[in-house]
Structure formats: structure tokens, C-alpha cells
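Coordinates in review
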Amino acid sequence: MAQFRLARLCLMLAAIGVSAPALVSSAHAQQKSDAPAAAAPAAAKDTVRPEMFKLLDPAALKPLMDAKNYSEVQNRITQAEAIQNRTPYEDYVINRMKLSWALATENSATAIATMEAILASGRLEKGDQLNYYQALGDANYNAKNYAKAVEWYTRFQNEGGDPNKVRSALSRAQVSSGNFAGAKTLLMTNINAAKQAGQKPSENDLRLLGQEANKAKDSDTYLFALENLVQYYPTDDFWMDLLSRGVTRKPGFDEPTYGADMLRLEMAAVKEMPPEHYSYLAEIAMRDGFPAEAKQVLDAGFNAGVLGKGSDAKAMSALRAKATKQAADDVKTIAAGEANAAKAKTGAGLVNLGWAYATMGQADKGIGFIQQGIAKGGLKAPDEAKLRLGMAQVRAGKKAEAIQTFQGINGKGGAAELAKYWVLLLQQGGGAVAAQ
């Protein structure tokens, strides 16, 4: 009943309860013979008869409410309702008391009907009316009357209530009533408004948007929500889902060209990858002539405790030993390959040489070779070379330069998406530390 308690809080300013205003008996009103004659009609109008006053006297009802003697309170209200020829004011007083009882006993149906009757009386000030609109939205949402909840929240906004007070509840009510389009519009407005104000969007709004977009098979909106969750509330799960949905599962992803680069980003972004991701990236690095990188990947997998277990334990240990030996050999021989790479007709050799240096802890030197290779041209996948340049700059701690490099990549096959998410990672303050 959490929502109903929220409704109760919303009504605090409306002075709900046994402290109903101007609850005086007609006999008491007549005693004030010295009141101005002009006020006499109003005093007569806003009074209750002695027999009703006896039943609803706040001094008598408050101890009963405090003692949670709700059955006696209900009995008194029922007797008051049985009095014939009640005035509108007497009905208003009864409803105020009934609402106090309904809230205390969490009787949502009675509370909703009673609040509507109090509003219809026309006796509430503007601010109290707004409180009731919001409370009726909360109470209807709690009772799963979602369409009515939307109606009352919308009225709250339209009549001058602070939209921030009901936006989240309104969007949930719209979703629950099956109005995803309306909820999407509202949630997107909330999210973008927060970002424009330099604030974090609500995590609940982002999660709700993503959840409902996924149900509606609205992949663009789901990806928008996921990207923002990764930006403002990053977790390994969000990152893994983003790289899956935003890169590898997108139509046209060039896995042979960019599969390893996707895993390089994943390794930088998350604390721990699945074991097959470590092993696959290590095998590709070995195949492509980067044993130092393969060793780093395998070391990370073993240190995380996800490699070296099960049926693959022996094979992974052997691969790790092989990568360790070849990485040590490469340190001794890599300089000999510089001349051949420089003489080659294309820049591919220079790019590979530069990435090898970057993986050996000589990122600054590697950056120079990669840049030479890109300038020389003749590359089958120029965007792949630019991704390696950006990753080498990350390894060198040159964050601003890496972002600039990634922002210049807009190719197909997954290159643009990988570059975009590298920028997202670096703007979080990640990437450089993770890669190191």
C-alpha cells in the first residue's frame, strides 16, 4: 500500500482528518449573539445540527482515531449519514471525517469516492484542490485504476500543479494503462529536460523507458535508454547489453573485421568478461601477431578467476605460456620489422607495428607508426586503423586526442558504433584506467 501512503502524505496540507474546519453546532453558533449581523447568514450556513455535532465532535473522535478504534468511528459516521435533510455543509463535514477514517483503514474505494465528493463540494482552496488531484491520482494508481490515475495526474498539471511532482507517477500510470506512446513522450521529455539542465536523468525513468520499449519492440528507444543508463549509471550488465544490442546484433555488423575490436572495448568497459570472450580475444591477438596483447588478455582472465577452470583449463594455460614466450621474443625482434613496414606498398604493416608497440607498453611510439600507416593509405579497413589509433592513444593516457580520433570515425560494419561507445566510456572517466 505504499502508493496509498503517498496519497495520505499529499493530503496533509489539506488538513484532512478530525480537524475539519468550522465544525460548530447550531446551538454554539447561536451563542455568539454579539457577532455582526452581516456574518449571520454565513454562520448559519456553515454549521451542523447538535445531534450531528455530538457524533462528529473532533474532541471525541480524535481519541478514538488515536486508539485505532475505527469501528466506533465508522459507527458514528454511519449514524451521521442517517440524519435526514442534511445540508451541503453537513455532507462536507461528514466526508472529511469519512476520508480520515478511510485513509486510516486503507479503504481505497471509500477514500477515492470521498475525495471526489469533497472536491465536488466546491469548498477547497486552489492549493488544496491540487493536493486532492494528486492524491486521487496516487489512490487510483494504487487501486490499479490506471486510466483514472492518468486523468487526475493530468488535471493536476493542467490546473497549475508542479509537473515534477507527478511526472514519474504519470508515466508509470500511462505504461500500466497500455499507453506506451504517451509514457514514451513524457519520459523522453523528463530525460532530455534533466540533461539540458546539466542534471542526471532519473534512473527509474531510464529503466522504465527501456523496459517498456523492449516490450514494444521499439529498438531505437531501447537503445537510447540503454546508452543513457551506461552514461549515467554504468554497470557491467548495462555495458554488455549495450555492446550486444548496439554493435554485434545490429544488422551489417562486420564480425571478422571488428569482432576483436568490440572485445577490446568490452574489456576496457567492464570489470569481468565471460571466459569465452577472454579466450576468443587472446586467440585472435595471437593469430594476428600480437602476443603481448594476448598475454595481457589471458592474464586478466586468470586474475579474474574465470579462466583456468573446467575442461578448457589446460588449453588456456598452454595458450598463456605460449603468449608469454612469444611476447618476450617480440620485444627482442620488433625493431627489425620497422624497415620492412616502412617499405611496404600499403600502410597496413605500419598500423600493425604501431599496435604491437602499443600493446607492449610503448603506446607513444605505437601512435606514431599507426599515424604513418593511415597516412600512407592502401588499407582494406581504414576505420579499423583509426580505432587502433584511438585505442593506442587511450593506452598512452591521451584522452582528449583519443576522443577526437574516435569522433572522426563514421564508417559501417560497426566502426561508428564502437567509436561512439569508446567516447562514451572515456567521457565517464573510464577507458584509460581500464585499458592500463
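A quick note: this is a predicted structure, and the numbers were derived from the prediction, not measured. (Residues numbered from 1 in each chain as written. Predicted model: local features only at pLDDT ≥ 70, side-chain atom pairs only at ≥ 80, totals over all residues. Heavy atoms only, no water.)

**Remarks on the environment of Leu-55**
To keep it simple, the criterion reads: Each helix corresponds to a stretch of at least 4 residues labelled H or I by DSSP, and each strand to a stretch of at least 2 residues labelled E; elements are numbered beginning at the N terminus. Here the term buried applies to any residue with accessible area under 20% of the maximum for its type, exposed to any over 50%, and partly exposed to those in between, with areas from a 1.4 Å probe on protein chains only. Contacts: residue pairs with any heavy atoms within 4.5 Å of one another.
Considering the arrangement of structural elements, one finds Leu-55 in helix H4 (residues 50–56). Judged by its relative accessible area of 14%, Leu-55 falls in the buried class. With 22 residues separating them along the chain, Leu-55 and Ile-77 place their C-alpha atoms 7.3 Å apart. What Leu-55 contacts, discounting residues up to four positions off in sequence, is Leu-61, Arg-76, Gln-79, Ala-80 and Ile-83.

**Examining the pattern of salt bridges**
Rules: We count a salt bridge whenever a side-chain nitrogen from Lys or Arg sits within 4 Å of a carboxyl oxygen from Asp or Glu.
Counting across every chain of the model gives 24 salt bridges. The residue Arg-287 makes a salt bridge to Asp-288 at a minimum N-O spacing of 2.9 Å. What makes Asp-288 partly exposed here is its relative accessible area of 32%. Of the charged contacts in the structure, one is a salt bridge between Lys-365 and Glu-338, with a shortest N-O distance of 3.5 Å. Here Lys-365, found in helix H22 (residues 363–376), pairs with Glu-338, found in helix H20 (residues 337–343); they are 27 residues apart in sequence, far enough to count as distant. Classification of Lys-365 by relative accessible area gives partly exposed; the value is 38%. Judged by its relative accessible area of 21%, Glu-338 falls in the partly exposed class. Several salt bridges converge on common partners, so that one network encompasses Lys-126, Arg-155 and Glu-159.

**Some words on the nonpolar core**
The following threshold applies: Here the nonpolar core consists of buried residues drawn from Ala, Val, Leu, Ile, Met, Phe, Trp, Tyr and Cys, with membership extended through side-chain atoms lying within 4.5 Å.
Trp-239, Leu-242, Leu-387, Phe-406, Tyr-421 and Trp-422 are the most contacted members of the largest nonpolar core, which totals 83 residues. A total of nine residues in this core trace back to one element, the largest contributor, which is helix H25 (residues 415–427). One finds Tyr-132, Ala-139, Tyr-146 and Tyr-153 within the second-largest nonpolar core, a separate group that totals 44 residues.

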